[in-house]
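The lines below spell out each chain.
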Amino acid sequence: KLFEDIISLVDAVDIELRSPIVSKVIDIAKRNKKIIIISWHDFKSTPDNRTLTDILNKAKEKGAHIVKIAAKANKAEDVNRLMEFTQKNKSKNIITIALGNIGSISRLSFPMAGSLITYSYINKPSGFGQIPLDTLQEQMRLFYPQYNNPKINESIKKSIAAYNNQLSPKQPGSKTNQPASKNLSFLGIVLFIIILLVAVGVLGVYLIKKNQNTPTM
């Protein structure tokens with residue numbers, strides 16, 4: 001019911017592959033012509049390559065436009081293997097994340113391997129190993145010169161400003177009702193996240209095309 005109520009407000013739907021309502025949510029997204037992201041999370045370990053491939057294929061068979069795989073990295077080899085898997089399957093529109101402190105580097109490096117989106121946070125992390133937004137932005141600008149595109153930076157600045165405005169204290173005598181304020185704050189956060197993801201996604205697509213056109217050394 002929730003997905004049906006908000007489907008008109010979103011550009012994409014993200015649903016877990018193992019969710020009991022995955023088929024229903026995919027049907028709703030298809031009827032409304034929304035991008036379908038099918039996710040798979042493992043908070044304990046990184047599956048072997050055969051399992052990763054099986055997850056990717058099952059999600060594609062379900063109708064995913066984008067497949068997201070987030071798995072806990074317990075050692076550096078897990079990060080390296082997931083990065084290799086990403087590069088091998090970058091043409092299939094995937095998002096990969098190595099969770100945990102060891103996997104934090106993936107938030108910065110996996111877009112170069114072909115992962116379409118990376119994730120950050122403003123106030124407190126929502127996932128293991130996330131890097132604060134300000135820090136990640138600095139790193140992106142340093143290691144990905146294309147991220148300095150003025151259009152991308154302007155979009156991010158506007159989104160942050162809108163988000164901060166929603167958090168600012170109300171003036172005395174304000175007639176804004178509480179439910180409306182909460183809804184606007186929520187929409188501001190959603191808008192910021194969408195623009196950030198699109199910006200990084202554009203960067204990821206650019207890097208994929210660049211890598212495909214770069215001669216082997």
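To start, this report covers the structure provided alongside it. (Residues numbered from 1 in each chain as written. Predicted model: local features only at pLDDT ≥ 70, side-chain atom pairs only at ≥ 80, totals over all residues. Heavy atoms only, no water.)

Overview of the sheet that holds strand β2 (residues 35–42)
Going by this rule: For two strands to be treated as a pair, DSSP must find at least two bridges joining them. For helices the rule is a DSSP run of H or I covering at least 4 residues; for strands it is a run of E covering at least 2, with both sets numbered from the N terminus onward. Axis angles are defined between N-to-C directions and span 0 to 180 degrees, where every axis is a line fitted to C-alpha atoms and, for a helix, only to the segment in contact. Whether two residues are in contact is decided by their heavy atoms, any of which lying within 4.5 Å being enough.
With parallel pairing, the four strands of this open sheet are ordered in space as β1-β2-β3-β4. Either end of the sheet is taken by a strand with one partner, and the two such strands are β1 (12–16) and β4 (94–99). Adjacent strand axes in the sheet meet at a mean angle of 20°, parallel and antiparallel pairs treated alike. In the sheet, strand β3 (residues 66–72) pairs with β4 via six bridges, with the strands oriented parallel. Note on β4: the bridge partner recorded for Lys72 is Leu99. Where helix α4 (residues 76–88) meets the sheet, its contacts fall on β3 and β4, and the angle it forms with β4 comes to roughly 180°.

Observations concerning the pattern of salt bridges
Oppositely charged side chains are able to pair whenever their charged atoms sit close together. Going by this rule: Definition used for salt bridges: Asp or Glu carboxyl oxygen within 4 Å of a side-chain nitrogen of Lys or Arg. Buried, partly exposed and exposed residues are distinguished by accessible area as a fraction of the type maximum, computed with a 1.4 Å probe on protein chains only: under 20%, between the cut-offs, and over 50%, respectively.
Taken as a whole, this structure holds five salt bridges when the rule is applied. Note that Lys68 is salt-bridged to Asp14, the shortest N-O span being 2.8 Å. Highlighted residues: Lys68 in strand β3 and Asp14 in strand β1, separated in sequence by 54 residues. The partly exposed category is assigned to Asp14, whose relative accessible area is 34%. When the shortest N-O distance is used, the salt bridge between Arg18 and Glu16 registers 3.4 Å. Beyond isolated ion pairs, a larger network of salt bridges with shared partners links Lys75, Asp78 and Arg81.

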